[in-house]
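# Geometric and topological summary
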Amino acid sequence: LLALIDPAAKAGLEPTVAAMRSLAQLGATDASAALSRLAGAATTHPNVRLEAVAALGTLRAADGLATVQDLLTDDRPEMRAAATRAAAAIDQDSFTVVVAGMEPDRHWRVRAALAETLGGFPADLATERVRSMLQDEDKRVIAPALSSLAQLKASDVGTILVQRLDDSDFVVRAPAAR
């Protein structure tokens, strides 16, 4: 599988992506250096880069953390969202410090990824940040924020969810009803 993710192999998009996913599922930490190189190379196909970042997160590959953190400011919102998930999976403490110093992202997908990711954090670190995301102008961010508040078992989650059942948008009502 490692041979398939080597750019010199020219394996094609589908086999390369399948190999990265397999390596991540198998817990092949020996692939992390190669995945990190793929994720960080601007010449790598954008979808391969996204999959490499996701694989680094799945592997919780500490040696890929610097690459993933660099991608938190990538031009593509899909990459920033993937890097958000991966950085949090690799090192929650480091991620908390990095995110604390960042402004909210301009794209809803990245803010939604952050809201979703924070649901897996200790409640004392994430609850207030997630609660503030309920004020986001894009309702597609509010939905994962509601789910994360429930996952964090916030003290006021019941009240918040009941209030959101009256929202005019189904995207908000659905997670509130769960």
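Calculation criteria
Residues numbered from 1 in each chain as written. Predicted model: local features only at pLDDT ≥ 70, side-chain atom pairs only at ≥ 80, totals over all residues. Heavy atoms only, no water. Helix = DSSP H or I, 4+ residues; strand = E, 2+ residues; numbered from the N terminus. Rg over C-alpha atoms; globule rule 2.2 N^0.38 Å. Buried < 20%, exposed > 50% of the residue type's maximum accessible area, 1.4 Å probe, protein only. Contact = heavy atoms within 4.5 Å. Areas by Shrake-Rupley, 256 points an atom, 1.4 Å probe, with all protein chains shown as cover. Patch = residues over 30% accessible without salt bridge, like charges linked within 9 Å, V, L, I, M, F, W, Y side chains within 5 Å. Salt bridge = Lys/Arg side-chain N within 4 Å of Asp/Glu carboxyl O. Expected span 1.5 Å × (residues − 1). Core = buried A, V, L, I, M, F, W, Y, C linked by side-chain atoms within 4.5 Å.

The helix and strand tally for the protein chain stands at 11 helices and 0 strands. Overall, the protein chain shows an N-to-C arrangement of helices and strands of α-α-α-α-α-α-α-α-α-α-α. The C-alpha radius of gyration computed for the protein chain amounts to 18 Å, which stays within 12% of the reference 16 Å derived for 178 residues, consistent with globular compactness. For the protein chain, buried positions account for 47% of its 178 residues. Here the analysis covers contacts within the protein chain between residues at least 6 apart in sequence; of these, 59% occur between residues at least 24 apart. Summed over all atoms, the accessible surface of the protein chain reaches about 9,300 Å², with 53% contributed by carbon and sulfur.

Quick look at a nonpolar patch on the surface now. The grouping of L1, L4 and L26 at the surface amounts to a nonpolar patch, some 290 Å² of accessible area in total. Looking at the secondary structure, you find L26 in helix α1 (residues 13–26).

Moving on to helix α9 (residues 139–152). Between its terminal C-alpha atoms α9 stretches 20 Å, which fits the 20 Å expected from 14 residues at 1.5 Å a residue. The complete set of buried residues in α9 reads V141, I142, A143, P144, A145, L146, S148, L149 and L152. Phi turns positive, to about 55°, at K153, one or two residues after α9.

What follows deals with the nonpolar core. Grouped together as the largest cluster of nonpolar side chains are 54 residues, with contacts concentrated most on I5, M20, L35, V53, V68 and L146. Beyond its immediate stretch of four places on either side in the chain, L146 contacts L134, I160, L161, R164, V172, P175 and A176.

Counted by the stated rule, this structure contains 11 salt bridges. When the shortest N-O distance is used, the salt bridge between D74 and R49 registers 4.0 Å. Residue D74 is located in the loop between α4 (65–70) and α5 (77–90), and its partner R49 is located in helix α3 (residues 46–59); the two are separated by 25 residues in the primary sequence. Classification of R49 as buried rests on a relative accessible area of 12%. Its salt-bridge partner being D156, residue R131 comes within 2.7 Å of it at the nearest N-O pair. Residue R131 is found in helix α8 (residues 123–132), and its partner D156 is found in the loop between α9 and α10 (157–164); the two are separated by 25 residues along the sequence. A relative accessible area of 26% places D156 in the partly exposed class. Connected via shared salt-bridge partners are R111, D136 and E137.

To continue, consider the side chain of E51. With respect to the helices and strands, E51 occurs in helix α3. Here E51 falls in the buried class, since its relative accessible area comes to 19%. Sequence-distant contacts of E51, defined by excluding residues within four places in its chain, comprise V17, M20 and R21.

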